[in-house]
Each structure stands twice: as C-alpha cells, then as structure tokens.
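Coordinates in review
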Amino acid sequence: MKRKVFNYYTLALVLKSLYESCMKAWEQQKNGEKVTACGMSDEDIEELCEDYLPNLMNPMMSKEEVQRKLGVSEATLNRMVKRGDIPNGQQDVGGHVRWWKKWDILPFIRNKHKK
C-alpha cells in the first residue's frame, strides 16, 4: 500500500508555519524593519489571497456569479459560450444549471476587465 506523504495533518503544519512566518514579517513591517521572516513579495501575497485561497475553499462559480463578474446578461453569456469566448463549463443532469471551475473562467474575467 502506497503511503500518503501529504494529508490534512501535513497541510495543517505547513499552514501553521506560514502563519507564524507571516506574523513575524508583519511585526517587522509594522516596526519599519526590513522584512526577512517571510520570503513572499507583496505580489505573491496578493495572488495567494485573491486567487489561490478563495478558489481552494470554493472552486466553482455559478452562472449568476459569472454573469455578475462579467457584467453581462444571461443571453450574452450564452452567446459568449457559443462563440467560444469563454469555456462552456459544466451542467447538471437536467442541463439547467451551469457551473464553472474558477481556474477556467477567472482568466477570461480578468481579460475583460483589463480592456
């Protein structure tokens, strides 16, 4: 039987260590010292907090969330899918509810907001 190296306990230890390093770095930053406790840049922290952690906690977006983020109607969203502007997403068995993995749809949302 293959032994798992990573599990919830390992994740908890890694997150605890990250927490402790970030708290030390925050203290250094608050005191006006050079930050040496954590090797993450401000951009790394922003990307982690805006992209990775929220997506890991809830990796799916509903049709309504995508519409709101893109600022489009349901009909426009359907046309964008049909044209291939955005991925199709996943539908439930009846085909009435559409879901997207955040990893798949967020680049399209960011590109639209940059224009």
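The structure reproduced in this document is the subject of the present report. (Residues numbered from 1 in each chain as written. Predicted model: local features only at pLDDT ≥ 70, side-chain atom pairs only at ≥ 80, totals over all residues. Heavy atoms only, no water.)

**Brief notes about the pattern of salt bridges**
Formally: By convention in these notes, a salt bridge is any Lys or Arg side-chain nitrogen within 4 Å of a carboxyl oxygen on Asp or Glu. Only protein chains enter the area calculation, which uses a 1.4 Å probe; residues under 20% of their type maximum are buried, those over 50% are exposed, and those in between are partly exposed.
All told, the structure shown has three salt bridges when counted by the stated rule. For the salt bridge of D85 with R83, the shortest nitrogen-to-oxygen distance reads 2.6 Å. Overall, R83 belongs to the exposed group, its relative accessible area being 54%.

**Observations concerning a nonpolar patch on the surface**
Here is the rule we go by: Like charges are joined within 9 Å and nonpolar side chains (Val, Leu, Ile, Met, Phe, Trp, Tyr) within 5 Å, but only among residues with over 30% relative accessible area and no salt bridge; these make up the patches. Accessibility throughout is a Shrake-Rupley quantity obtained with a 1.4 Å probe, and a residue counts as covered only by protein chains that appear here. In this text, helices come from DSSP runs of H or I with a minimum length of four residues, and strands from runs of E with a minimum of two, each type numbered from the N-terminal end.
Taken together, the side chains of Y8, L11, L15 and L18 make up a nonpolar region of the molecular surface, amounting to roughly 440 Å² of accessible area. Position of Y8 among the secondary structure elements: in helix α1 (residues 8-30).

**Some points on the environment of T76**
The cut-off we apply is this: Whenever two N or O atoms come within 3.5 Å, that pair is a polar contact, provided that in protein one can donate a hydrogen and the other can accept it, and provided that, for residues adjacent in sequence, both atoms are side-chain atoms.
Following the sequence through the fold, T76 ends up in helix α4 (residues 74-83). Residue classification places T76 among the partly exposed residues on the basis of a relative accessible area of 23%. For the pair T76 and N111, spaced 35 residues apart in sequence, the C-alpha separation works out to 17 Å. Within the local environment of T76, its side chain forms a polar contact with the side chain of R79, the two groups lying 3.1 Å apart.

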